[in-house]
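Structural overview
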Amino acid sequence: MLKSFRIPRPSEWIPETIYSRLKLIKMVWFPHPYEPEVSGIIHRIVKPGWICADVGANRGIITRILAKQVGPLGRVIAFEAFYKNAKFLCKFIKVCGYASRVKVENIAISDGTQSEICLFPGRASSNEEWNIIGHDLDGKAMEAVFRVPATSLDNYFPPGSVLNFVKIDIEGAESLALRGMRRILRESRPVVLVEFHDEAGWRGREELFAASYNLHDMKGRQLDPNKDVQRVYHCLACPMEKN
């Protein structure tokens, strides 16, 4: 019964602080299945001791799975641009007992051309849809609310860094993030799991093909760069030499 219980939004009849605590309790003790295909791939691929980047960590559902998979000798760097989500994520990871293996960075990941970037709300200002592209998932233009620190993965991770796995889910800015990790794709050769939200983000797959990666859908089918031009929502990208 508790798993299906809906916690009312703070604007309805409970203060935001109480809502946040209830949400934390529900996520820790009564987690609901989240994108089971994605979770299943992470459980299958990510190994103990791996170094992982969670780009667009939101409130930490995938971060928690990664932290469990890498174990005490691994490391997860969770990037989240929206400050309320990042604050919640820090508490969530601490309560889960993974604070020693997760570092939360309240920063936007882009192509590295700007040290600060505008952050835009999504539909109904949902905590899940804050983005740096300027419109919501329906294509409606939105006004910027914040300016936040920004970097690229190439700038964040120094040359020679070990990085085994990257998850990218940033509401349409996937192309920017992939452009900003060109060195990592060629040097560190991580496995990359991408959620392509729109056609602009989908064009970022060319960065993966150019770096000698093969792309697969969630059923394991390898995508043909020339024939499979229709957007695939979730893609797993593996270096050709690791297939």
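To keep things clear, this report deals only with the structure shown in the data block. None of these values were measured; they are calculated from a predicted model.

What counts, and where the lines are drawn
- Residues numbered from 1 in each chain as written.
- Predicted model: local features only at pLDDT ≥ 70, side-chain atom pairs only at ≥ 80, totals over all residues.
- Heavy atoms only, no water.
- Pairing = 2+ DSSP bridges.
- Helix = DSSP H or I, 4+ residues; strand = E, 2+ residues; numbered from the N terminus.
- Axes fitted to C-alpha atoms, helices over the stretch in contact; angles between N-to-C directions.
- Contact = heavy atoms within 4.5 Å.
- Phe/Tyr/Trp six-rings, centres within 6.5 Å; stacked < 30°, edge-to-face > 60°.
- Lys NZ or Arg CZ within 6 Å of the ring centre and 35° of its normal.
- Core = buried A, V, L, I, M, F, W, Y, C linked by side-chain atoms within 4.5 Å.
- Buried < 20%, exposed > 50% of the residue type's maximum accessible area, 1.4 Å probe, protein only.
- Salt bridge = Lys/Arg side-chain N within 4 Å of Asp/Glu carboxyl O.
- Arc of directions from axis to C-beta.
- Parallel < 35°, antiparallel > 145°, perpendicular 65-115°, else oblique.
- Left-handed = near helix turned anticlockwise from the far one by under 90°.
- Nonpolar A, V, L, I, M, F, W, Y, C, P; charged D, E, K, R; others polar.

Attention now moves to the sheet that holds strand 7 (residues 165-168). In spatial order, the strands read 3-2-1-7-8-10-9; together these seven strands make up an open sheet with mixed pairing. Two strands close off the open sheet at either side, each with one partner strand: strand 3 (102-105) and strand 9 (213-216). Neighbour-to-neighbour, the strand axes of this sheet turn through a mean angle of 15 degrees, independent of strand direction. In the packing of helix 3 (residues 61-70) onto the sheet, contacts are made with strand 1 (51-55), strand 2 (75-79), strand 3 and strand 7, and the angle to strand 2 comes to roughly 165 degrees.

Another point: the packing of aromatic side chains. Applying the stated criterion to the full structure yields ten aromatic pairs. Note on F82 and Y83: the rings are 5.5 Å apart at their centroids and 70 degrees apart in plane angle, and the pair reads as edge-to-face. Relative to F146, the ring of F82 has its centre 6.2 Å away and its plane inclined at 40 degrees; by these criteria the two rings are tilted. On the criterion of sequence distance, the pair formed by F82 in the loop between strand 2 and helix 4 (83-96) and F146 in strand 6 (residues 146-151) is long-range, its members being 64 residues apart. If you follow R59 out to its NZ or CZ, it ends over the ring of F88, 4.5 Å from the centre.

Looking now at the sheet that holds strand 4 (residues 108-109). A sheet is described by the order of its strands in space; here three strands give the open sequence 4-6-5, paired in mixed fashion. Each edge of the open sheet carries a strand with a single partner, namely strand 4 and strand 5 (116-119). Across four bridges, the pairing between strand 5 and strand 6 is antiparallel. Note that in strand 6 the partner of L119 across the bridge is F146.

Moving on, we come to the nonpolar core. Grouped together as the largest cluster of nonpolar side chains are 41 residues, with contacts concentrated most on I168 and V192. Broken down by element, this core gets its largest block of residues, three residues, from strand 1. Excluding residues that lie within four positions of it along the chain, V192 makes contacts with V166, I168, M181, L185, L208, Y213, C235, L236 and A237. Grouped together as the second largest cluster of nonpolar side chains are 28 residues, I45, I62, V76 and Y98 included.

Further remarks concern the pattern of salt bridges. Evaluation of the coordinates by the stated rule reveals 13 salt bridges. Between E129 and R123 there is a salt bridge; the shortest N-O distance is 2.5 Å. Given the relative accessible area of 34%, R123 is considered partly exposed. One salt bridge connects R221 with D228, and the closest N-O pair in it is separated by 3.3 Å. Salt bridges sharing common partners tie together R123, E129 and D138.

This brings us to helix 2 (residues 36-45). When helix 2 is considered as a whole, its buried residues turn out to be V38, S39, I41, I42 and I45. Buried positions in helix 2, seen along its axis, are confined to an arc of 160 degrees and lie on one side of it. Residues of helix 2 that are exposed and angled more than 90 degrees away from the buried face: P36 and R44.

Next up on the list: the packing of helix 2 against helix 3. Direction vectors running N to C along helix 2 and helix 3 enclose 20 degrees, while the axes themselves pass 10 Å from each other. Relative to helix 3, the element helix 2 lies roughly parallel. Helix 3 is crossed by helix 2, and the crossing has right-handed handedness. On helix 3, the residues touching V38, S39, I42 and H43 of helix 2 are I62, I65, L66 and Q69. Broken down by class, the residue content of the contact of helix 2 with helix 3 amounts to five nonpolar, three polar and no charged.

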